[in-house]
Amino acid sequence: MKAEKQIILGALDCFAPGFLAQGMWAHPADRTADFNNLSYWTDYARLLESGLFDLLFLADTVGVYDVFGGSREAALRLGVQVPINDPFVLIAALAGATGNLGLAATGNLLYEPPYLFARRLSTLDHLTGGRVGWNIVTGILASGAKAFGRDLMGHDERYDFGDEFMEIVYRLWEHSWDDDAVVQDRARQIFTRPDRVHEVAFHGRHLQMSGIHLTAPSPQRTPVLFQAGASGRGKQFAARHAECMFVNGTSRASLARAVADMHQALAAQGRRPDQVRILAGLTVIVADTQAQAREKQEAFRAAASAEATLVHASGGLGVDLSRYPYDGEIEYSETDANRTLMENLTRQPDGSRVTIRQVAENMSLSSRNLLIVGDADSVAQEMIAIVAETGIDGFNLARVLMPDSLEDFVRLVVPRLQERGAYKTEYRPGTLREKLGLGEGARIAANHYGRHLGQEGDVAG
């Protein structure tokens, strides 16, 4: 099958020993236990650049997965996204080790002061030459809120808070400094023209601020914005703000539905489908032959931790799965955690519900991502077919073993995708936004919500 468009590829990971392939840090061939060493990450980033990956995407969690058993004990014992380090610090370290790779990280806006967060992202955008992206999240873990002396906000209220946060950072990034503010005139000893720098004032129900942005305009001004909202309120938030959207699904039909829903939400915000890139989570197990790939899969399943999988799922659902019989079905309940995950596990298209055993066995290696197992030709064909049939633009690839999973993918699958015209043979020049074909040059599009805000604004309430 020849491709109709080139696939965007990100590598999805976490600055922690355990991520989606639960318990695989303990595998004797895995290097993830070295995650505190900078050389681990510079090797990782250079491997991705050798495979022309568009970005390294670092997920993050504020809080501990302590729902399972009502305790954080299992998460700590099994390394379920704890310990976990600050991904934005890592981006700064990787800036000098790479030249084209996009560097994106999750930032939870509930726990960040918008004024300082805006400066941090602008600083990183300068240091990377405009290769920074931000995955906007509002958090799902009550333990994170407790660590800040708060109760977790209700699901929809978190997005209301997020809209106010975004209003502030947009005004700082896009409207505080004019393009010609910095002149660096040595003769007249004028670094910045004061009349070209404007104060931002915002007074909302949740947030207030007044001041100028502390950082001069960076190459992109606003980092490339990622989001994964899939609930009704989440889709509205994503359609307003995101330039890259993440969708999860284990079938082509579910991905196609998610893409159609998002396109509808974009239209309601006055945006076009070609102004965003939609990426699906993907795990690939590839080998020289189909039989070898299946053998790998079975060996990985045997090594994965069912308990760690349930710890992770319990945190996502906001429901203690240890209270259910192992072959019992998960019952729907309204929580302020991940409502989309709850819907997916309790309201299947055929009316069935997923059992605890099925979660433990089927989500241990790939979580809610697509899983493709096979030789290089079959994996490439499957990826191309998924893009063609669902309308997604590419994938966020999560490894099982580090670095074997990514080395195998770069060695085996990337050349097959290139042979079929489905993957680039060199990087585009420019910033991350330009490499992804988004916006207008390095800037967010003129019709993007953040671009046409005024310098000052008040929100009633």
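In this text the structure is predicted, and so the values were computed from the model without any measurement.

### Some words on the pairing of strand 4 (residues 132-137)
- The buried count for strand 4 comes to five of six residues, which makes it a mostly enclosed element.
- Pairing analysis gives six bridges linking strand 3 (residues 102-108) to strand 4, with the strands arranged parallel. Of the residues in strand 4, the one forming a bridge with A104 is G133.
- At this point the chain moves from strand 3, through helix 4 (residues 114-127), to the parallel strand 4, and the crossover so formed is right-handed.
- Sheet topology note: the strand 4/strand 9 (residues 224-227) ladder contains three bridges and is parallel. For G133, the partnering residue across the bridge sits in strand 9 and is V224.

### So, the environment of G130
- Along the chain, G130 turns up in the loop between helix 4 and strand 4.
- C-alpha separation for the pair G130 and P219, spaced 89 residues apart in sequence, amounts to 5.0 Å.
- Apart from residues lying up to four places away in sequence, G130 is in contact with D125, P219, Q220, T431 and L432.

### Quick notes on the confidence of the model for the protein chain
- The predicted model of the protein chain averages 92 in pLDDT, with 93% of residues at 70 or higher.
- Under a pLDDT of 50 for its full length, residues 455-461 has, in the predicted model, 19 contacts with residues more than four places off or in other chains.

### With respect to the environment of N396
- Topologically, N396 is positioned in strand 13 (residues 394-398).
- Residues within four places of N396 in sequence aside, it is in contact with G10, A11, L12, F57, F246, L279, A280, G281 and L282.

### What to know about the pattern of salt bridges
- Scanning all chains against the criterion turns up 33 salt bridges.
- E73 is paired through a salt bridge with R77; the nearest N and O atoms lie 2.6 Å apart. With a gap of four residues between them, E73 and R77 both fall in helix 2 (residues 73-78), about one helical turn apart.
- Under the relative-accessibility criterion, R77 is labelled partly exposed at 42%.
- Two residues, D274 and R272, come together in a salt bridge whose shortest N-O distance is 2.9 Å.

### Thoughts on the side chain of Q227
- The topology assignment puts Q227 in strand 9.
- Judged by its relative accessible area of 4%, Q227 is buried.
- Of note is the side chain of Q227, whose polar atom sits 2.9 Å from the backbone oxygen of I136.
- Not counting the four nearest positions on each side in its chain, Q227 is found in contact with N135, I136, Y159, G234, F237, A238, A242, C244, M245 and F246.

### Side note on the nonpolar core
- Judged by nonpolar contacts, the single largest core of 90 residues is most densely connected at F53, W134, M383 and F395.
- It is helix 6 (residues 155-175) that contributes the most residues to this core, nine residues altogether.
- When neighbours within four sequence positions are excluded, M383 is seen to be in contact with I7, L9, L282, I372, F395, F409, V413 and L417.
- The next biggest cluster of nonpolar side chains, apart from the first, holds 22 residues, and it includes A75, L141, L310 and M363.

What counts, and where the lines are drawn
- Residues numbered from 1 in each chain as written.
- Predicted model: local features only at pLDDT ≥ 70, side-chain atom pairs only at ≥ 80, totals over all residues.
- Heavy atoms only, no water.
- Buried < 20%, exposed > 50% of the residue type's maximum accessible area, 1.4 Å probe, protein only.
- Helix = DSSP H or I, 4+ residues; strand = E, 2+ residues; numbered from the N terminus.
- Pairing = 2+ DSSP bridges.
- Right-handed = clockwise from strand over helix to strand, strands pointing away.
- Contact = heavy atoms within 4.5 Å.
- pLDDT = per-residue confidence, 0-100.
- Salt bridge = Lys/Arg side-chain N within 4 Å of Asp/Glu carboxyl O.
- Polar contact = N/O pair within 3.5 Å; in protein donor to acceptor, adjacent residues only side chain to side chain.
- Core = buried A, V, L, I, M, F, W, Y, C linked by side-chain atoms within 4.5 Å.

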